[in-house]
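Commentary on secondary and tertiary structure
As a plain string of letters, each chain reads:
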Amino acid sequence: MNQTDAMWVYRAACLLIIAITYVIAFSEGNRTELRDSVNWHSSPIDWCEVNYEFNENVVEFWNTISGLVIIPIAGLAWVLHSRMRRRVEPRFAFCLTTLTLVGLGSLYFHATLSKLGQVLDEITICWTNYYAILLVVPKTRLEETIGVTARFLVFSPETLITVVLITPIWGLFYPIISHILTVATIILLPWAILRQFRSTSKADPASITVLKTALSFHGTAVFCWVCDRLFCHEITALFGVYPQLHAWWHVFVFLGAYFTIVGITWVRSTGDGYEATIRHYYGVLPYTHIQEL
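The structure reproduced in this document is the subject of the present report. (Residues numbered from 1 in each chain as written. Predicted model: local features only at pLDDT ≥ 70, side-chain atom pairs only at ≥ 80, totals over all residues. Heavy atoms only, no water.)

So, on to the overall build of the chain. From N to C terminus, the chain includes 14 helices and 2 strands. Computed over the C-alpha atoms, the radius of gyration of the chain is 21 Å, within 12% of the 19 Å expected from 2.2 N^0.38 for a compact globule of 293 residues. If one aligns the C-alpha atoms of the chain with their principal axes, the spans along those axes are about 55 × 50 × 25 Å. The buried share of the chain, taken over its 293 residues, is 46%. A separation threshold of at least 6 residues defines the contact pool for the chain, and within that pool the share at least 24 residues apart is 71%. Separation between the mean location of the 19 positive side-chain charges and that of the 21 negative ones in the chain comes to 13 Å. (Helix = DSSP H or I, 4+ residues; strand = E, 2+ residues; numbered from the N terminus. Rg over C-alpha atoms; globule rule 2.2 N^0.38 Å. Buried < 20%, exposed > 50% of the residue type's maximum accessible area, 1.4 Å probe, protein only. Contact = heavy atoms within 4.5 Å. Lys, Arg positive; Asp, Glu negative; His and termini not counted. Charge placed at Lys NZ, Arg CZ, Asp CG, Glu CD.)

Structure (structure tokens):
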């Protein structure tokens, strides 16, 4: 079988998987659950923020609008790392697109506290981390590990479309899948970055600082998330007013995501043999500058 025929077989397999998923989803037994998933407050999770405090159409106001922080962050990453997309890895655009969807998924979830919103909030994180884990590995090293054909397939539009269409459905019916994948990819991503970083022989203090900053932001974000989830009443009693820690989780985790992007682009471009340096936009915001070959 030649490569063209194999690709058509793969496309047919993707279409079959999508078709089976949606036949199951819209079957008589599952149709009601699918429809109810968009109902407000259908998610079992309710965060510490007071519901409907500022707007009768938005359940958690601060948790909702804080999701918008990702838009300028992803936009800056897109513009400042254009050479990463053009020279090193065009599929880097996938990662930035899914990162934007993380913010939009979070916005929808906290505005409605729906079960579908919760799944989209989690699944988009999985998409972003999935592509980031693959993108940080240099091209030749990834091809040696999984093969040229497998590398082509995991980044193919067919795979992207299939993943986007089926994972929210399975996440709705089997939430444990969404939970496990989210936690697993959150753990695997820093491990993958650190592993590839250690393999490069061109580490410089600026790149180390970027990765340490990313870790600091993410650590602060996790602290906010845990406190919001476990110590809501104690913190409110202590300060007299709740400091909206879940909204701060969004801010810190998205800032950490930007620095992680800078680290990934530096590690990947260096691993592929490009001359990459950490520069600062207007002397403040770091980004990876890749020399033209």
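Our focus in this paragraph is the pattern of salt bridges. Scanning the entire structure with this criterion turns up 6 salt bridges. R11 is paired through a salt bridge with E158; the nearest N and O atoms lie 2.7 Å apart. Of this pair, R11 sits in helix α1 (residues 3-25) while E158 sits in helix α10 (residues 157-173), placing them 147 residues apart in sequence. Take E158: its relative accessible area is 17%, and that puts it in the buried class. The salt bridge involving E33 is made with K115; its shortest N-O contact spans 3.1 Å. Of the two residues, E33 sits in helix α2 (residues 28-36) while K115 sits in helix α7 (residues 115-135), which places them 82 residues apart along the sequence. E33 gets classed as partly exposed once you look at its relative accessible area, which sits at 33%. When salt bridges with common partners are traced through the structure, they connect E89, R91, R151, R268 and D272 into a single cluster. (Salt bridge = Lys/Arg side-chain N within 4 Å of Asp/Glu carboxyl O.)

This next bit is on the nonpolar core. V136 and Y258 are the most contacted members of the largest nonpolar core, which has 52 residues in total. Not counting the four nearest positions on each side in its chain, Y258 is found in contact with I73, L76, A77, L80, H81, L285, P286 and Y287. Ranked by size, the runner-up nonpolar core spans 9 residues in total, among them L34, L116, I169 and F173. (Core = buried A, V, L, I, M, F, W, Y, C linked by side-chain atoms within 4.5 Å.)

With that settled, the discussion passes to the state of the cysteines. Tallying each qualifying case throughout the model produces 1 disulfide. The disulfide partner of C48 is C232, and the S-S distance across this bridge is 1.8 Å. Looking down the S-S bond of the C48 and C232 bridge, the torsion is 70°, so its handedness is right-handed. One end of the pair, C48, is in the loop between α2 and α3 (61-65); the other, C232, is in helix α13 (residues 232-239), and 184 residues separate them in sequence. Exposure remark for C48: the relative accessible area of 13% places this residue in the buried category. The cysteine C126 is free of any disulfide, with C95 supplying the nearest cysteine sulfur at 13 Å. (Disulfide = S-S within 2.5 Å.)

Turning next to the packing of aromatic side chains. Enumeration over the complete set of coordinates arrives at 15 aromatic pairs. Measuring from ring centre to ring centre gives 5.7 Å for W47 and W225, while their planes differ by 70°; the resulting arrangement is edge-to-face. Placement of the pair is W47 in the loop between α2 and α3 and W225 in helix α12 (residues 205-230), with a sequence separation of 178 residues. For R11, the ring lying beneath its charged end belongs to W8, and the centroid distance is 4.7 Å. The side chain of R229 reaches across the aromatic face of W47, ending 4.9 Å from its centre. (Phe/Tyr/Trp six-rings, centres within 6.5 Å; stacked < 30°, edge-to-face > 60°. Lys NZ or Arg CZ within 6 Å of the ring centre and 35° of its normal.)

The next point concerns the layout of surface pockets. Roughly 1300 Å³ of internal volume is contained in the largest pocket. Residue lining of the largest pocket: 46 residues in total, with N129, I186, H218, W249 and V253 positioned closest to the centre. Elements represented by at least two residues in the lining of the largest pocket include exactly α6 (92-112), α7, α11 (175-199), α12 and α14 (245-271). If you tally residues by element for the lining of the largest pocket, the top one is α12, at 12 residues. For the lining of the largest pocket, the residue count by class is 30 nonpolar, 12 polar and 4 charged. The volume enclosed by the second largest pocket comes to roughly 250 Å³. Looking at the second largest pocket, it is lined by 13 residues, and the ones nearest its centre are V137, T145, W191, R195 and Q196. (1 Å grid on protein atoms, 1.4 Å probe; cavity = no way out; pocket = protein on both sides within 12 Å on 5 of 7 lines; lining within 4 Å. Points joined across faces, edges and corners; volume = space filled by probe spheres on them. Nonpolar A, V, L, I, M, F, W, Y, C, P; charged D, E, K, R; others polar.)

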